[in-house]
Amino acid sequence: MYHLALSHTIELDHIQAQAAAGKRPRHVMWGLSQRLNATIHTPGTEPILRIDRLRSKLMGQPQNWALARRLAAELTSDDVIYCTDEDVGIPIATLCGMQPSPPKVAVFIHTGHRPRSRVALKLFRSAERVSLFVSNCRPQIEFLHDYLKLPDEQVFSLLEQTDTQFFTPGSALSYKPRPVIASVGLEKRDYRSLAAATADLDVDVKISGFSADVRPLARSFPKTLPDNMSRRFYEWTELVQLYRDADLVVVSLFPSQDTAGVTTLLEAMACHRPVIVTQTEGLADYLEMPGSL
């Protein structure tokens, strides 16, 4: 049987209902669960023990280790489980790997190069217990090969995607006082540089810079936004319209070895908008075209 493990609770049924009504993009885990007839597991219902708290000091959250304990007792070699990130994947691979007949475990790695992840990958013998490592980023793929000495067949590159049924080209608002530069996201964003580059231009810079999952870096925003720059939360349908209104989408980033900025890049391209994006190591696979220098 197929299983999907998420590191936190996501109301996939609610998301799918909203997506069906055209109010937001579909969630990839919903689509994958339907295609594989997979059971979705999220932490939260299992009792948290002292050992879960101790293990979480090295990797993940206590509730992820509690979930891993339950799954280790339930899954067998007849099962395959895909974990959406290392925070839940390493605990599941660790505890399932201690069983006499463990399931096959695939783990998506976002930032394996972080000190905490590096220690956990070695300490919990992930190279032996994870059947397949997956990442959407060349530096992470190279890191896994080099750090864990993994063979090619144990690492898979899966490039990022977006919902091209929701993010689509469309008309801009009928009235725009002046050209619009749009920027979306918080992760490793350098909005200070964007502000400095556009403060004296006759444009409106509109930022959708709020997230439930990412805290902005203290250095991301200028202390005071320029008069032509605004920042607010955009609902999904408003976000699509922001892309359509934009004469240019800018993804200004700090140096990064992960795919920070890729979601905005793909959403803007799906809406057929021109994009300027910082060329980081993590975005190499998305910015380099065949035959380019």
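Here the structure is a predicted model, which means the values were calculated and not measured.

Rules used throughout
- Residues numbered from 1 in each chain as written.
- Predicted model: local features only at pLDDT ≥ 70, side-chain atom pairs only at ≥ 80, totals over all residues.
- Heavy atoms only, no water.
- Helix = DSSP H or I, 4+ residues; strand = E, 2+ residues; numbered from the N terminus.
- Expected span 1.5 Å × (residues − 1).
- Buried < 20%, exposed > 50% of the residue type's maximum accessible area, 1.4 Å probe, protein only.
- Contact = heavy atoms within 4.5 Å.
- Salt bridge = Lys/Arg side-chain N within 4 Å of Asp/Glu carboxyl O.
- Pairing = 2+ DSSP bridges.
- Axes fitted to C-alpha atoms, helices over the stretch in contact; angles between N-to-C directions.
- Phe/Tyr/Trp six-rings, centres within 6.5 Å; stacked < 30°, edge-to-face > 60°.
- Polar contact = N/O pair within 3.5 Å; in protein donor to acceptor, adjacent residues only side chain to side chain.
- Right-handed = clockwise from strand over helix to strand, strands pointing away.

## What about helix H4 (residues 62–74)?
- With 13 residues, H4 should reach 18 Å at 1.5 Å per residue; the first-to-last C-alpha distance of 19 Å fits that figure.
- Those residues of H4 not exposed but buried are Pro62, Asn64, Trp65, Ala66, Leu67, Ala68, Leu71 and Ala72.
- Contact partners of the buried residues in H4: strand E2 (39–41), helix H3 (50–56), strand E3 (80–83) and helix H5 (86–96).

## A short note on the pattern of salt bridges
- Inspection of the entire model under this criterion finds 12 salt bridges.
- A salt bridge links aspartate 163 to arginine 26; the shortest N-O distance between them is 2.7 Å. Pair noted here: aspartate 163 is in the loop between strand E6 (155–157) and strand E7 (180–184) and arginine 26 is in the loop between helix H1 (12–20) and helix H2 (28–36), with a separation of 137 residues, a long-range link.
- Accessibility expressed as a relative area gives 7% for aspartate 163, which makes it buried.
- The network of salt bridges with common partners includes Glu46, Arg70 and Glu74.

## Some remarks on the sheet that holds strand E8 (residues 204–208)
- Spatial strand order, E9-E8-E7-E10-E11: 5 strands in an open sheet with parallel pairing. Edge strands, defined here as strands with exactly one partner in the open sheet, are strand E9 (229–231) and strand E11 (275–277). With direction set aside, neighbouring strand axes in the sheet form an average angle of 20°.
- Two strands pair when backbone bridges link them, and E8 and E9 are joined in this way by 3 bridges, in the parallel orientation. Bridging across to E9, lysine 206 finds its partner in serine 230.
- Where helix H10 (residues 236–245) meets the sheet, its contacts fall on E7, E8 and strand E10 (248–251), and the angle it forms with E7 comes to roughly 135°.

## Focus: the packing of aromatic side chains
- Considering all chains together, one arrives at 7 aromatic pairs under this definition.
- Here the aromatic rings of phenylalanine 166 and tryptophan 236 are separated by 6.4 Å at their centres, their planes lie at 85°, and the arrangement is edge-to-face. Within this pair, whereas phenylalanine 166 is found in the loop between E6 and E7, its partner tryptophan 236 is found in helix H10, the two being separated by 70 residues in sequence.
- Taking relative accessible area as the criterion, phenylalanine 166 reaches 10% and is therefore assigned buried.
- Relative accessible area serves as the criterion here: at 30%, tryptophan 236 is assigned to the partly exposed category.
- Centroid distance tyrosine 191 to phenylalanine 221: 4.8 Å. Interplanar angle 25°. Geometry classified as stacked.

## Topic: the environment of alanine 127
- Take alanine 127: it is sitting in helix H7 (residues 126–129).
- Alanine 127 sits in the partly exposed class, given a relative accessible area of 27%.
- Measuring from C-alpha to C-alpha, the distance between alanine 127 and tyrosine 147 comes to 9.8 Å, with 20 residues separating the pair along the chain.
- Apart from the residues lying within four places of it in its own chain, the contact partners of alanine 127 are Leu121, Phe133, Leu148, Leu150 and Gln154.

## Digging into H5
- Of all 11 residues in H5, 10 are buried; the element is thus mostly enclosed.
- If you check which residues of H5 are buried, you get Glu86, Val88, Gly89, Ile90, Pro91, Ile92, Ala93, Thr94, Leu95 and Cys96.
- Among the residues of H5, the N-terminal cap falls to aspartate 85, whose side-chain oxygen and the backbone nitrogen of aspartate 87 are separated by 3.0 Å.

## Concerning the pairing of E7
- Where burial is concerned, most of E7 is hidden: 5 out of the 5 residues are buried.
- Neither face of E7 is exposed, since Val180, Ala182 and Val184 on one face and Ile181 and Ser183 on the opposite face are all buried.
- Where E7 and E8 come together, 5 bridges link them in parallel fashion. By the bridge assignment for E8, serine 183 is matched with isoleucine 207.
- Running through helix H9 (residues 191–198), the crossover from E7 to the neighbouring parallel element E8 is right-handed.
- Sheet analysis places E7 next to E10, joined by 2 bridges and oriented parallel. Bridged to alanine 182 within E10 is valine 249.

## A word on the environment of valine 80
- You can see valine 80 is positioned in strand E3.
- Sequence-wise, valine 80 and isoleucine 207 are 127 residues apart; in three dimensions their C-alpha atoms are separated by 41 Å.
- What valine 80 contacts, discounting residues up to four positions off in sequence, is Met1, Tyr2, His3 and Lys104.

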